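Each chain, letter by letter, is given below.
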Amino acid sequence: MKKILIHDYAGHPFQIDLSRQLSKKYDVLHCYNGSNTTPQGKTKRTKNDLKSFNIIPINLSSKIDKNSLFKRWYQEVLYGIKLIKTIKEYSPDIIISTNTPLDAQFIIFIYSKFKKIKFIFWLQDMIAFTASVILKKRIKFLGSLVGMYFLFLEKNIAKFSDITIVTMDSHIPILEKWGVKKEKISLIHNWACLEDYPIMEKNNKWSKKYNYSNKFIFMWTGTMGMKHSPDLFIDLSEKFKNNSDIQIVVVSESQGADWLKEQKEKLNIKNMDILPYQDFKDVPSMMATSDCLICVVGNDVADAAIPSKFLSYMCAKRAIILAGGKGTRLKPYTISLPKPLVPIKNKPILEIIITQLVSNGFDHITITINHMADIIKAFFSDGSKWGIKID
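First things first, this report covers the structure right here in the doc. (Residues numbered from 1 in each chain as written. Predicted model: local features only at pLDDT ≥ 70, side-chain atom pairs only at ≥ 80, totals over all residues. Heavy atoms only, no water.)

### Some thoughts on the pattern of salt bridges
Considering all chains together, one arrives at 7 salt bridges under this definition. Across the pair R72 and E76 runs a salt bridge, and its minimum N-O distance is 3.0 Å. Of this pair, R72 and E76 both sit in helix α2 (residues 69–90), separated by 4 residues, roughly a single helical turn. With a relative accessible area of 30%, R72 lands in the partly exposed category. For E76, a relative accessible area of 9% corresponds to the buried category. Put simply, D291 and K202 hold a salt bridge, and the shortest N to O gap is 2.7 Å. Note that D291 is positioned in the loop between α9 (283–289) and β11 (292–293) and K202 in the loop between β7 (185–187) and α6 (205–209), a separation of 89 residues in sequence. You'll find D291 and K202 in the same group, each marked buried. Taken together, the salt bridges that share partners define one network made up of K202, D291 and K389. (Salt bridge = Lys/Arg side-chain N within 4 Å of Asp/Glu carboxyl O. Helix = DSSP H or I, 4+ residues; strand = E, 2+ residues; numbered from the N terminus. Buried < 20%, exposed > 50% of the residue type's maximum accessible area, 1.4 Å probe, protein only.)

Set out below in structure tokens:
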């Protein structure tokens, strides 16, 4: 039986799901960073796991310090070296590695080449590009140099891996420009595990614990760095500060969450709660409690990364319909009518979508609007006409 080592630095749920599925055919060891403060999936063996599946953390002596560039770099290099020891002991035929800091990834990659182990580079995000954008804002000239160094690492890992997996169509031409052969590029879109996020009612044990059952909840879950613009949540709290029925909930333990805690105390914000990461078994209840799950992607990195939380949100049966376009290509029909209300066989486009969602069991929809927003609001109101709740 072939042995596969799947390494996901972050410990995200759907990579663990892949390992469990592959263990039906192969011997699989799943590794993740046990010293990283991020929300993680089912990182313990369950009674239903096959003997051919095992999962272990790679632990450092201390948590990854995301506030110190040098210490973080040192920890990531040390992490790569520790992972090599695990790879050596397991002796896999194939390594699949993803979501890994580039210095650590390069160490794993070089070792696999030296030992003639097939290496699959699962390129979730364009790390070099994203890191360069962030570092330039923090340390300008030095940030550009570090960005060039990261680009060198990422290019060469992609170019010389046996297979490079991308998650976005737009990444394929970038890899081809880097010199990666077309036959060595595979596109596999990210996914979320439906069984990890069973549909639940808002009025559940978790929502009652925090007294959220009878409130409208804006929620952010997961890692929140300063790149996620935590100041937006301050603006949101200000907008609804006079409405006691609305609460903003941030479930995170990272830098952005720490900043929000400081601002909450400084500004005496009452309508915002910052909670620690919750037990994975409570995540479905937590998401069901939310009325609007928030996902933030900066314009400068939008083409380089897809937040995995977006797919998890979808599993919570919270349909999000983007209905803010001006419909310029549909003129003259959209001169006095918003695009979502343009009829097809006497029924508006957006109404057709909503009735399809209702027929498939959805009971809650969030519609994002901009152009002629008042007309769309007036037409759909709270959604009671269609037997669905509309935000």
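Picking up where we left off.
### Focus on the packing of helix α7 (residues 231–239) against helix α8 (residues 255–267)
Following both chains from N to C, one finds α7 and α8 inclined at 35 degrees, their axes separated by 10 Å at the closest point. Relative to α8, the crossing made by α7 is right-handed. Residues D231, F233 and I234 of α7 form the contact with α8, whose own contacting residues are W259, L260, Q263 and L267. When the residues that make up the contact of α7 with α8 are grouped by side-chain class, the tally is 5 nonpolar, 1 polar and 1 charged. (Axes fitted to C-alpha atoms, helices over the stretch in contact; angles between N-to-C directions. Left-handed = near helix turned anticlockwise from the far one by under 90°. Contact = heavy atoms within 4.5 Å. Nonpolar A, V, L, I, M, F, W, Y, C, P; charged D, E, K, R; others polar.)

### Structural notes on the environment of Y111
Along the chain, Y111 turns up in helix α3 (residues 102–114). Given the relative accessible area of 14%, Y111 is considered buried.

### A few points about the pairing of strand β9 (residues 246–251)
Within β9, 6 of the 6 residues are buried, leaving the element largely enclosed by the surrounding structure. Burial along β9 is two-sided: the face carrying I246, I248 and V250 and the face carrying Q247, V249 and V251 are both buried. Relative to β9, strand β8 (residues 216–221) is paired through 6 bridges, and the arrangement is parallel. By the bridge assignment, W220 is partnered in β9 with V250. Two elements, β9 and strand β10 (residues 272–275), share 4 bridges in a ladder whose sense is parallel. (Pairing = 2+ DSSP bridges.)

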